[in-house]
Amino acid sequence: MYMFISALPVATVIAVLLAGWRSLHAAALGVAVALLVIAAAFAQPASTWLAAGMHWAPVLLEVLLIVGGGLLLSEVLRASGAQKALADWLLARAGSGTGAVLLVVHGITPFAESVTGFGVGVTIGIPLLAHYGLPPRKVVLIGLLGLCAVPWGSMGPGTLVAATMAGLPFKELGQASALVSVIPFVITGMAAAALASAPGRRRQALLQGLLSGLALTAAVALMNSLAGTAPAGALGALLVVGWHLLRLHLSRSDADKPPLSVPGRRALAAYALLLGGVLAAAALVRALDLPAAWHGLTSPGLWLLVAAVFFTRGRPARPSLAKVWRSWLQVAPVTALFIVLGVLMAVSGMAAQLAQALARSGPLYLLAAPFVGALGGFVTGSNTGANAMFAATQAEIAQALGVPLLPFMAVHNVSASLLLMASPGKVEMAVQLLAQGAAQRRWVQQSVLMLDLAAVALMGVLNWSWARA
């Protein structure tokens, strides 16, 4: 009985999402069901809820600030033409071929997604790929594969939520997630290389995809260790961009490499301010051993806003602010409600009850755990939403099974991110960028889902291997 009602909020959300409800309405219904279940069977003292509110309010505020900052920076760069200027410059320097495709999949798209999030990387990557002479449906599929570094998307609020819910250090979970990501990085690289290569050069292309995936893994892990989790995806992707551009530099003459325009240089300066601000603020807080109240200075949300204001040299234009506000009103309430749902389930004891029931399947659950996280990412279209729904439950299950928490949660975090590229909303956005029809949409949806499920299955095997070691 308790297992059934513990699962009721999450089951309700999944059911209505699959039935076609909007994410906002599904999340609100999930919270309402959770409150009813708490009132009926999981009541807690008021002091417990007050303590939970004080603990989670700063996290929720930071996540919503990151959402707003990411949307604002993306919009001002788009409206000014700076994003297009950067894309054109990179296209002129990269040329075409497998190496140029991997530059987008493991460099440009992960960088754009890491600093802004919300699928912005796809809106930059697919227009670039469209110039490479590939069939449109392959362009769409390869563009979606670039969403392989979502644990660091929008400077990592989803990973922050998972770390907080599991009681793990943010940086340690980021580092473990970087190592686990070798599986999706390699699979996306090899798949993109195979799609982009001529039949007679496929073996060489697959090797390029493998090396590119390993390079991105090493770069993100290195940056996570040196700079922290929030900027690790962006900095790691920049290293990969530099590596691919250096390789491609040797095969093209200087005449083929026009200088970067003024809007493009200003966009690069804004990105530099964003990353430099996060890193410098974190170093200052550590060096001065400032109290927790000062840690807001290190928030990516703050520096996303600073970078946007710097780029516009003051207040952004009113149409841009209006568009960002409309977008924020669509994204932020859904994000907040999913976090609230996760907190309600964790604090009330529903997550623990559900975890105890699922843990009765024993070690076999280790193989299934990544699919649970992946389901959350698929139905919510958000790493933050998936972690808010399932991270607390997954952590409770790991403890009930007696397996190491950090690697288990890293597998969950990466799995919860991976199926975002296969979520209907992301596929629809990618298909619309090239105005493809329903038949192409089905092919893209099926292909990306097949690749993602293969990666999730391998992460299940990794979960099992770690636990049995």
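Please refer to the structure higher up on the page.
Here goes a summary of the coordinates provided. Computed from a predicted structure; not experimentally measured. (Residues numbered from 1 in each chain as written. Predicted model: local features only at pLDDT ≥ 70, side-chain atom pairs only at ≥ 80, totals over all residues. Heavy atoms only, no water.)

### A short note on the overall build of the protein
Next, step 1: In terms of helices and strands, the protein carries 21 helices and zero strands.
Next, step 2: Taken against the 2.2 N^0.38 rule, which gives 23 Å for 469 residues, the C-alpha radius of gyration of the protein at 22 Å falls within 12% of a compact globule.
Next, step 3: Split into buried and exposed, the 469 residues of the protein put 55% on the buried side.
Next, step 4: Taking all contacts inside the protein whose residues are at least 6 apart in sequence as the whole, residues at least 24 apart take part in 82%. (Helix = DSSP H or I, 4+ residues; strand = E, 2+ residues; numbered from the N terminus. Rg over C-alpha atoms; globule rule 2.2 N^0.38 Å. Buried < 20%, exposed > 50% of the residue type's maximum accessible area, 1.4 Å probe, protein only. Contact = heavy atoms within 4.5 Å.)

### Focus: the packing of helix α1 (residues 2–18) against helix α15 (residues 318–348)
Next, step 1: For the pair α1 and α15, the least separation of the axes is 10 Å and the interaxial angle reads 165 degrees. In this view, α1 runs roughly antiparallel relative to α15, as classed from their interaxial angle. Classified by chirality, the crossing of α15 by α1 is left-handed. Together, Ser6, Pro9, Val10 and Val13 of α1 and Phe338, Leu341 and Met345 of α15 make up the contact between the two elements.
Next, step 2: Class assignment for the residues of the contact of α1 with α15 results in six nonpolar, one polar and no charged. (Axes fitted to C-alpha atoms, helices over the stretch in contact; angles between N-to-C directions. Parallel < 35°, antiparallel > 145°, perpendicular 65-115°, else oblique. Left-handed = near helix turned anticlockwise from the far one by under 90°. Nonpolar A, V, L, I, M, F, W, Y, C, P; charged D, E, K, R; others polar.)

### A closer look at the packing of aromatic side chains
Next, step 1: For the structure shown, the criterion picks out two aromatic pairs.
Next, step 2: When the centroid spacing of 5.0 Å and the interplanar angle of 85 degrees are considered together, the rings of phenylalanine 111 and tyrosine 271 count as edge-to-face. Of this pair, phenylalanine 111 sits in helix α5 (residues 98–115) while tyrosine 271 sits in helix α13 (residues 262–288), and the two are 160 residues apart along the sequence.
Next, step 3: Residue phenylalanine 111 is classed as buried on the basis of its relative accessible area of 11%.
Next, step 4: Between the aromatic rings of tryptophan 325 and tryptophan 328, the centroid separation amounts to 5.6 Å while the plane-to-plane angle is 10 degrees, which identifies the pairing as stacked. With a gap of three residues between them, tryptophan 325 and tryptophan 328 both fall in helix α15, about one helical turn apart. (Phe/Tyr/Trp six-rings, centres within 6.5 Å; stacked < 30°, edge-to-face > 60°.)

### A short note on the environment of phenylalanine 390
Next, step 1: Structurally, phenylalanine 390 can be placed in helix α18 (residues 383–401).
Next, step 2: Phenylalanine 390 sits 39 residues away from alanine 351 along the chain, and the two C-alpha atoms are 8.3 Å apart.
Next, step 3: Among all residues touching phenylalanine 390, those that are not within four sequence positions of it are Val10, Ile14, Val372, Gly376 and His412.

### Considerations on the nonpolar core
Next, step 1: Residues Leu73, Val101, Leu144, Leu274 and Met409 are the most contacted members of the largest nonpolar core, which totals 146 residues.
Next, step 2: By residue number, the principal contributor to this core is helix α3 (residues 46–80), which donates 10 residues.
Next, step 3: When residues no more than four places from it in sequence are discounted, the contact partners of leucine 73 are Thr116, Tyr271, Leu274, Leu304, Ala307 and Ala308. (Core = buried A, V, L, I, M, F, W, Y, C linked by side-chain atoms within 4.5 Å.)

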